[in-house]
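Survey of secondary and tertiary structure
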Amino acid sequence: MAAILLLGFSSISLGTVRLAAAESASEEITAAAAFIHPGILQNAAGIQTMKDKVASHAEPWYSTYTALQSTVASYGTISAGDYTLTAITHNNSGGWNEMRLAATKVYNLALMYTITGDATYAAGSRTIMMKYASIFTGVGTSGDTGSVYDTNLDVGVVTFKFSAAAELLRYGYSGWSAADTASLIAMFNKNTGGTAISMYQLLSNAAVLATYDMDNITHGHAAILREGSMAYAVFAEDTTLYNLVKSDFKANSTAYYTNQGAESWQKKPDKSQGANGYSLLYNYNATTGQSKESDRDQAHALVNLSAFINVAQIAWNQGDNSLYEFNNRLLLKATNFSAQYNLGYEVDAYVTAYPWNHHSDSGITTYDRGKAAENMYASAYNYYKFSSAAAASEYTYLSKYVNNPVYAADKNGYDVTGYAALISSVANRAADYTSNVTPVNNAINWGTSGLAYLLNGSSNIYGEYASGFVSGSSRDYSKLRLTGTKAIAALPYTSFSNVSKVNMNYSSTGTGTLEIRTASSAGTLKGQPEAYAEGATHGDRGTLLATIPVTNTGSLTTYTTTALSGNILTTSGSAGGTVTGNYMIYVVFKGASSSTSMNLLYLTLQ
């Protein structure tokens, strides 16, 4: 294995450097007059911790690093000629925007350089940024009021990742010059060649935006734009923009809507009533912690939340914990709520009435439930566990999430950076992870070989379920034991490909049935799981895929294997269906009596 080179970092600032930590865990601190560098997603101490832990193969750093390493290895040769986009407009905005995709490469390459010291990575990151700095002209098309619509997503991601990458290179790579910094800042301020506005005007909510259709800057759109604003403010040492983001983050919001007669998803925040899409209070219910996107789909809710975490994390790296601590730690309440629901637990409370429900009145949606990639949960966990006065009860489910091996090594993010366990974990996290990681024999770890036979193949399963999640579910080493008339366990989000039958190896003390469901333990659909349009408007719509009869095998040590075929249900509820997609799985055992038990050794879905 190649050696990892560790480069020393120093904290550099135009003024006095302050420690990015409170004297007391409960003391609220504010940003220094001078910016701390490096200081966007990591400060100097955090960078050194990351490098040390990767070098020693400590978890959860190392698994996350190997995920980053694998992603970067897929990039191949970086060539300036591959990057040709000169403007971001409504017509080229969205998931496949060239510059938005390039931003992920830019950051990942800079991060790999920071860890390994291999200048090839740094040169690749710089090549992409400097190519765009030389050709980019601005945002939208002059005179076209609709040309800026939706560009906030692209601009937010590009600014966030370019700034975070350049920050790492500026303070750690000899090949980055002051001229490079100036060129990048100039790019963000360009408005030439018939474009409508500059990226900076969008980032700073300039008055000129009133000319353009920007009604979509709410929810995740606003949060993603603001993570870009915050990162750029630190990189460019823009105090005015930094304070604007902080002010908007803390803005009080009654969240009233205009256009009450329009479709619910089209309702616009009425700024005269204090509604602010950039505000944490606008996006999250201060009582429940639910997101305004919780009734849309869980993936959007997750990205929205992660963007707010990034804003708070950047402030924290500047010595300011006020965003993490704002409004009785509302950001923690929101993160814990999201972790709870997406691990398979039912949330304690949910409010369907406006102003908290933006997309529908049907309640929280199961669509994309359990999809937990592309998140920054670990950043929040490390702050609240090690630097806040938060009680452990405030982050119960967040802790379960980041200490579950399936999720701990978080993956690359599309709109956020991801890899939070790698870039945000403090030194004490090593012992904390070792103490709290879900043990193999305390998780769903089926089969004597430690493999779960799922989805046309085999994979390690460390699903999140717990005794007390639903009465009747308990752990039994390599088997899952289910007892009672409705015992439920949730398994991780995973992929199905033309699955037409499900079978199991089990033992039982009595008769009953085992239901295989997706997204919810008591959903309303049958057969193929819901489509996005259904999930975004109909709340809890989990799907019953199959029901398997359970016979009495005589004891819990006597096992049998079913040999069913074509038992996946169609949408009409008859046999002969198939299922394709990505879903959280629930198994629901309905025993003949409260004392009936079964041990589930493995499932096969083929």
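Residues numbered from 1 in each chain as written. Predicted model: local features only at pLDDT ≥ 70, side-chain atom pairs only at ≥ 80, totals over all residues. Heavy atoms only, no water.

1. Quick word on the overall build of the protein
Keep this limit in mind: Helix numbers and strand numbers start at the N terminus; a helix is a DSSP run of H or I with at least 4 residues, a strand a run of E with at least 2. Buried, partly exposed and exposed residues are distinguished by accessible area as a fraction of the type maximum, computed with a 1.4 Å probe on protein chains only: under 20%, between the cut-offs, and over 50%, respectively.
Scanning the protein for helices and strands turns up 18 helices and 16 strands. The buried share among the 606 residues of the protein stands at 58%.

2. Notes on the packing of aromatic side chains
For any two aromatic rings, the description comes down to two numbers: the centre-to-centre distance and the angle of the planes. Note the following rule: Geometry of aromatic contacts follows a simple scheme: Phe, Tyr and Trp rings, the Trp one being its six-membered ring, pair when their centres are within 6.5 Å, and the pair is stacked under 30 degrees between planes, edge-to-face over 60, tilted otherwise.
Evaluated as defined, the whole model comprises 18 aromatic pairs. Aromatic pair F188 and Y232: ring centres 5.1 Å apart, planes at 70°, arrangement edge-to-face. On the criterion of sequence distance, the pair formed by F188 in helix 6 (residues 178-188) and Y232 in helix 8 (residues 219-235) is long-range, its members being 44 residues apart. The same class applies to F188 as to Y232, namely buried. Ring geometry for Y381 against F386: centres 6.4 Å apart, planes inclined by 85°, an arrangement best described as edge-to-face. By relative accessible area, Y381 is classed as buried at 1%. Through pairs of rings, three or more aromatic residues link up here, namely F249, Y284, F308 and F326.

3. A short note on the packing of helix 12 (residues 322-342) against helix 13 (residues 377-386)
Cut-off, in case you're wondering: Lines fitted to C-alpha atoms define the axes, with helix axes restricted to the stretch in contact, and inter-axis angles between N-to-C directions lie between 0 and 180 degrees. Any angle from 65 to 115 degrees is called roughly perpendicular, while one under 35 is roughly parallel, one over 145 is roughly antiparallel, and all others are oblique. Less than a right angle of anticlockwise turn of the near helix away from the far helix marks a crossing as left-handed, whereas a clockwise turn marks it as right-handed. Contacts: residue pairs with any heavy atoms within 4.5 Å of one another. Basically, the charged four are Asp, Glu, Lys and Arg, the nonpolar ten are Ala, Val, Leu, Ile, Met, Phe, Trp, Tyr, Cys and Pro, and anything else, Gly included, counts as polar.
Where helix 12 meets helix 13, the axes come as close as 11 Å, and the angle between the chain directions of the two elements is 130°. Accordingly, the angle class assigned to the pair helix 12 and helix 13 is oblique. Between helix 12 and helix 13 lies a crossing of left-handed hand. Note on element contacts: helix 13 touches helix 12 through Y377, S379, A380, Y383 and Y384, opposite Y324, E325, R329, L331, L332, T335, S338 and A339. Here the residues of the contact of helix 12 with helix 13 are counted per class, giving 8 nonpolar, 3 polar and 2 charged.

4. Some points on the confidence of the model for the protein
What counts here: The pLDDT value tells you how sure the predictor is about a given residue, anywhere from 0 up to 100.
Mean pLDDT over the protein: 82, with 81% of residues reaching 70 or higher. Counting contacts from residues 1-29, a segment whose pLDDT is below 50, to residues more than four positions away or on other chains yields 74 contacts.

5. Quick notes on the pattern of salt bridges
Under the convention used in this document: Salt bridges are identified by distance alone: a Lys or Arg side-chain nitrogen within 4 Å of an Asp or Glu carboxyl oxygen.
Scanning the entire structure with this criterion turns up 15 salt bridges. D248 is the partner of R226 in a salt bridge, and the nearest nitrogen-oxygen pair spans 2.7 Å. Remark: D248 occurs in helix 9 (residues 239-249) and R226 occurs in helix 8; sequence separation between them is 22 residues. Overall, R226 belongs to the buried group, its relative accessible area being 3%. Linked by salt bridges that have partners in common, R100, D154 and D415 make up one network.

6. Considerations on the environment of E325
Secondary-structure assignment places E325 in helix 12. Distance from E325 to A390, taken between C-alpha atoms, is 9.1 Å for residues 65 residues apart in sequence.

7. A short note on the pairing of strand 10 (residues 502-508)
So the rule is basically this: For two strands to be treated as a pair, DSSP must find at least two bridges joining them.
Among the 7 residues in strand 10, 7 count as buried, and that is most of the element. Alternating residues of strand 10 divide into V502, M504, Y506 and S508 and N503, N505 and S507, and every residue in both groups is buried. Of the strand pairs in this sheet, strand 10 and strand 16 (residues 597-605) are connected by 7 bridges, and their pairing is antiparallel. Paired with N503 across the two strands is T604, which belongs to strand 16.

8. Section: the packing of helix 2 (residues 61-73) against helix 3 (residues 98-116)
Where helix 2 contacts helix 3, the two axes come as close as 10 Å, and the packing angle between them is 125°. Taken together, the axes of helix 2 and helix 3 are oblique relative to one another. The crossing of helix 2 and helix 3 is left-handed. From helix 2, Y65, L68, Q69, T71 and V72 reach across to helix 3, where they touch N108, L109, L111, M112, I115 and T116. Within the contact of helix 2 with helix 3, the residues separate by chemical class into 7 nonpolar, 4 polar and no charged.

9. What to know about helix 17 (residues 429-436)
Filter applied, for reference: Throughout, the arc means that of the directions going from the helix axis to the C-beta atoms.
All buried positions along helix 17 are accounted for by R429, A430, D432 and Y433. End-on view of helix 17: buried residues confined to an arc of 165°, all on one side of the axis. The outward face of helix 17, more than 90 degrees from its buried face, is lined by the exposed residues A431, T434 and S435.

10. Digging into the environment of Y62
Residue position: Y62 is located in helix 2. The buried category is assigned to Y62, whose relative accessible area is 16%. Expressed as a C-alpha distance, the spacing of Y62 and L422, which sit 360 residues apart in the sequence, is 7.5 Å.

11. Quick notes on empty space enclosed by the protein
We count it as follows: Put simply, the grid is 1 Å and covers the protein atoms alone, a cavity is a trapped set of points that fit a 1.4 Å probe, a pocket is an open set with protein on both sides within 12 Å along at least five of seven lines, and lining residues have an atom within 4 Å of a point. Grid points are joined across faces, edges and corners, and a volume is the space filled by probe spheres set on the points.
Summed over the entire model, instances satisfying the criterion amount to 3 cavities of 30 Å³ or more. There is about 60 Å³ of room inside the largest cavity. The set of elements that each furnish at least two residues to the lining of the largest cavity consists of helix 11 (298-317) and helix 12. The greatest single-element share of the lining of the largest cavity, amounting to 4 residues, is contributed by helix 12. Looking at the lining of the largest cavity residue by residue, the class counts come to 5 nonpolar, 6 polar and no charged. The volume enclosed by the second largest cavity comes to roughly 40 Å³. Lining the second largest cavity we find I40, L41, Q42, Y107, A164, E167 and L168. A per-element tally of the lining of the second largest cavity places helix 5 (residues 151-170) first, with 3 residues. Of the residues belonging to the lining of the second largest cavity, the class tally is 5 nonpolar, 1 polar and 1 charged.

12. Examining helix 11
As a reminder of what qualifies: Multiplying 1.5 Å by the helix residue count minus one yields the expected span of that helix. Counted as a polar contact is a pair of N or O atoms within 3.5 Å, where, for protein atoms, one must be capable of donating a hydrogen and the other of accepting one, and residues adjacent in sequence contribute only when both atoms are in side chains.
With 20 residues, helix 11 should cover 28 Å at 1.5 Å per step; its first-to-last C-alpha distance of 28 Å lies within 8% of that length. The element helix 11 is largely enclosed, with a buried count of 19 among its 20 residues. Sitting at the amino-terminal end of helix 11 is D297, which places a side-chain oxygen 3.1 Å from the backbone nitrogen of A299. Looking at the residues trailing helix 11, positive phi occurs at G319, about 85°.

13. Considering the side chain of T365
Summarising the element assignment, T365 is placed in the loop between helix 12 and helix 13. At 3.1 Å, the side chain of T365 and the backbone nitrogen of Y367 are in polar contact.

14. Considerations on the nonpolar core
Across soluble globular proteins, you tend to see nonpolar side chains buried next to one another. The line we're drawing: Nonpolar cores are built from buried Ala, Val, Leu, Ile, Met, Phe, Trp, Tyr and Cys residues. Side-chain atoms within 4.5 Å join them into one set.
Counting residues in each nonpolar core, the largest one holds 124 residues, and the members touching the most others are M99, M129, F162, L184, M187, L331 and L422. Residues within four places of L184 in sequence aside, it is in contact with M129, M130, F162, A166, W176 and F235. Of all hydrophobic cores here, the second largest spans 26 residues; its members include L491, F496, L545 and I548.

15. Describing the pairing of strand 13 (residues 543-550)
Counted residue by residue, strand 13 has 6 buried out of 8 residues, so it is predominantly covered. Sheet topology note: the strand 11 (residues 512-518)/strand 13 ladder contains 7 bridges and is antiparallel. From the neighbouring strand, I516 faces strand 13, where its bridge partner is A546. Two strands pair when backbone bridges link them, and strand 12 (residues 525-526) and strand 13 are joined in this way by 2 bridges, in the parallel orientation. Paired with K526 across the bridge in strand 13 is L544.

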